[in-house]
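Each chain, written out:
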Amino acid sequence: MLKIYNTLTRKKETFIPRVEGKVGMYVCGMTVYDYCHVGHARVMVVFDTVARYFRYLGYDLTYVRNVTDIDDKIIKRAYENGEEITQLTERFIDAMHEDERALFVLPPDQEPKATQSIDSIINMICVLIDKGLAYVGNNGDVFYAVTKFKDYGKLSGKNLDDLQAGERVDVDLAKQNPMDFVLWKMTKVNEPAWDSPWGLGRPGWHIECSAMSTCCLGNHFDIHGGGMDLQFPHHENEIAQSEGATGETFVNVWMHNGFVRINEEKMSKSLRNFFTVREVLKQYKPEIIRFFILSSHYRSPLNYSDEQLNDAGTALTRLYNALRDCDFSTDIIDKDYKVKFDQAMQDDFNTPIALSVLFDLARELNKSKDSINQSTILASTLKYLAGFLGLLQDDPELFLKSGAEESDATADALIDKLVQERIDAKKAKNWALADSIRDNLKDQGVVVEDSPNGTSTWRRHN
RNA sequence: GGCUGCGUAGCAAAACGGUUAUGCAGUGGCCUGCAAAGCCAUCUACGGCGGUUCGACUCCGCCCGCAGCCUCCA
């Protein structure tokens, strides 16, 4: 029985799909004006893992993750760069897909873009105006009237009166209520604009997700996810828009992942304390980053530091080491470990425990190396289960011999040659030479390991 | 100010009302020419104060500390 923590009820609930055997999941994706940072990577990896697990459980999943390709920041950045908006957004969409592939994130089934959903956005705004939930302000912008939606605040646990008491910057005088938010913005000079019943303009941020999600998954679907910071106001506003427009329940389960932190502080673009995925990839192998992300529960904060990444690298090396030189078979899986793994994953996708099961498995595998049958079963089980986390699918030999940089065949050949020279030196009992070769390689980040039968292997230190 | 959430050993990170988490690091041993890897053993815990209970790290209350949201942010 799969349990998922639902932000709406603040409880873990047994997951019951709306339609038996099917799951619709929408995740708020990136605004594409810059490279993805580790915080974005967390969203991608976490929901990729959720998606993989739903499929593993046999659900027919439709996973939608949008791209916000029109907003103030995009316009500003394009202007600063002296670049066409579409040129900028296409560039960063490509970069995002590259990062995604690097982190073994499988593409979502649908990836709608805001600029390609203008019709459904306009339709939804029309309905909201017809229903008296939205109005045209005296500056021509269209606003959502939050006081008209009785459940406003139900997701974030906020209450309009308290919010109004809070300090607010720059209250827009065209609004009836300071908490009202924009559905449609009138165009300014040199901005992209679409024709609408209210004149040339562009959509506000929140409406695009309401339009795209209901468009792709229907008025009512199972899961909506995103980072914690989207809880309010973004997701709150989505509920107001979608439920206001359709009169139906919008989403059954709201999932929010925790932040990536640096020095106990949220990693964010505005604080300028972020590392982009491609920066980190220069230093660490992609699978290490994925392992690092999954080593804490998706709702917990995740502190980013070199120490953490190094630990993740060592831990992952242990698993790959266990798989080294093993045979694999797809049809023999150890049931006990599978059950333990499932128990962890079904408890709100508890990946730290799922990983601990993999380590238990690795220990037993290391002990069973002299029994081919047993080690094949355990190795196959380890690789099979790890696959649902998007881990351990590389050839162990390749993983262990690779570094963060692109692999270099000539460098590897040279290492092989030195390792062979060392084997020869060992045979001649020339320990001094053997040790100096080993020390030499170690200085280059290559660890040599001997095996009982006189052969030697090597791996690159993370 | 309002609303969330968190506080576990050297570091990271989980579960659980009474029983080994797990990874890294440390210590002792086995293995090894010596190492590394691996195996075995082992030391460091549950922010503070009360309460409930036969028994609480786990439930409740208060306090302290931290983070986040209330403005664009994954």
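Rules and cut-offs
Along each chain, the written sequence defines residue order, and numbers are assigned to residues from 1. To read the labels, note that chains go from A and ligands from 1, taken in the order they are written. A pLDDT threshold of at least 70 governs which residues receive local features in this predicted model, and a stricter bar of 80 or more applies before side-chain atom pairs are shown or counted, although totals over entire chains, interfaces and linings include all residues. In computing side-chain properties, one takes all heavy atoms of the structure into account and sets aside hydrogens as well as water. Numbering of helices and strands runs from the N terminus; a helix is a DSSP stretch of H or I covering at least four residues, while a strand is a stretch of E covering at least two. To sort residues, take the accessible area from a 1.4 Å probe on protein chains only and compare it with the maximum for the residue type: under 20% means buried, over 50% means exposed, and anything in between is partly exposed. Contact between two residues is taken to exist if any of their heavy atoms lie within 4.5 Å; hydrogens are not considered. For the accessible areas, the method is Shrake-Rupley and the probe is 1.4 Å, while residue cover comes only from the protein chains on display. Charge assignment in this entry is limited to Lys and Arg as positive and Asp and Glu as negative, and neither His nor the chain termini are counted. Here the site of a charge means atom NZ of a Lys, CZ of an Arg, CG of an Asp or CD of a Glu. Paired strands are those between which DSSP finds at least two bridges. For helices, the fitted line uses only the C-alpha atoms of the stretch in contact; every axis is such a line through C-alpha atoms, and the angle between N-to-C directions lies from 0 to 180 degrees. What pLDDT reports is the predictor's confidence in each residue, on a scale of 0 through 100. Ring pairs are drawn from Phe, Tyr and Trp, using the six-membered ring of Trp, whenever the two centres fall within 6.5 Å, and their geometry is named by plane angle: stacked under 30 degrees, edge-to-face over 60, tilted for the rest.

**What to know about the overall build of chain A**
Within chain A, the secondary structure is distributed over 16 helices and 15 strands. Each principal axis of the C-alpha distribution contributes one length, and for chain A these read about 90 × 50 × 35 Å. Of all 462 residues assigned to chain A, the portion counted as buried reaches 51%. Within chain A, residue pairs in contact and separated by at least 24 positions form 74% of the contacts whose partners lie at least 6 positions apart. Put simply, chain A shows about 21,500 Å² of open surface, and 49% of that area lies on carbon and sulfur atoms. A distance of 4 Å separates the average location of the 54 positive side-chain charges in chain A from that of its 70 negative side-chain charges.

**Quick look at the sheet that holds strand β6 (residues 142–144)**
Spatially, 4 strands are ordered β5-β6-β7-β8 in an open sheet, and the strand pairing comes out antiparallel. Of all strands in the sheet, those with a lone pairing partner are β5 (134–136) and β8 (201–203), marking the two edges. Between one strand axis and the next, the sheet turns by 20 degrees as a mean value, whatever way the strands run. Of the pairings in the sheet, the one linking β6 to strand β7 (residues 181–186) comprises 3 bridges and is antiparallel in character. Opposite Y144, over in β7, you have F181 as the bridge partner.

**Digging into the sheet that holds strand β10 (residues 251–257)**
Read from one edge of the open sheet, 4 strands run β4-β3-β9-β10, paired in parallel fashion. Across the chains shown, the open sheet's two edge strands, defined by having one partner strand only, are β4 (60–65) and β10. The average undirected angle you get between the axes of adjacent strands in this sheet is 20 degrees. The strands touched by helix α6 (residues 205–217) are β3 (22–27), β4 and β9 (221–227); relative to β3, the strand with the most contacts, the crossing angle is about 160 degrees.

**Describing the side chain of T89**
Within the element layout of this structure, T89 appears in helix α3 (residues 85–102). Ignoring sequence-local partners within four residues, the contact set of T89 consists of V32, D69 and I74.

**So, the environment of V127**
Mapping V127 onto the fold places it in helix α4 (residues 118–130). Along the primary structure V127 and A245 are separated by 118 residues, whereas in three dimensions their C-alpha atoms are 5.9 Å apart.

**Looking at the confidence of the model for chain A**
Model confidence for chain A is summarised by a mean pLDDT of 94, while 98% of its residues fall at 70 or above. Of the two predicted TM-score estimates for the complex, the pTM is 0.96 and the ipTM is 0.95.

**As for the packing of aromatic side chains**
Counted according to the given criterion, the structure contains 20 aromatic pairs. Each ring, one from Y35 and one from F92, has its centre 4.9 Å from the other, and the planes form 80 degrees; the classification is edge-to-face. Highlighted residues: Y35 in the loop between β3 and α1 (38–56) and F92 in helix α3, separated in sequence by 57 residues. Of the residues examined, F92 reaches a relative accessible area of 5% and is grouped as buried. Residues Y53 and Y56 carry aromatic rings whose centres are separated by 5.0 Å and whose planes lie at 35 degrees to one another, so their mutual orientation is tilted. Remark: Y56 and Y53 occur in helix α1; sequence separation between them is 3 residues, near one turn of the helix. Each member of the pair, Y53 together with Y56, is buried.

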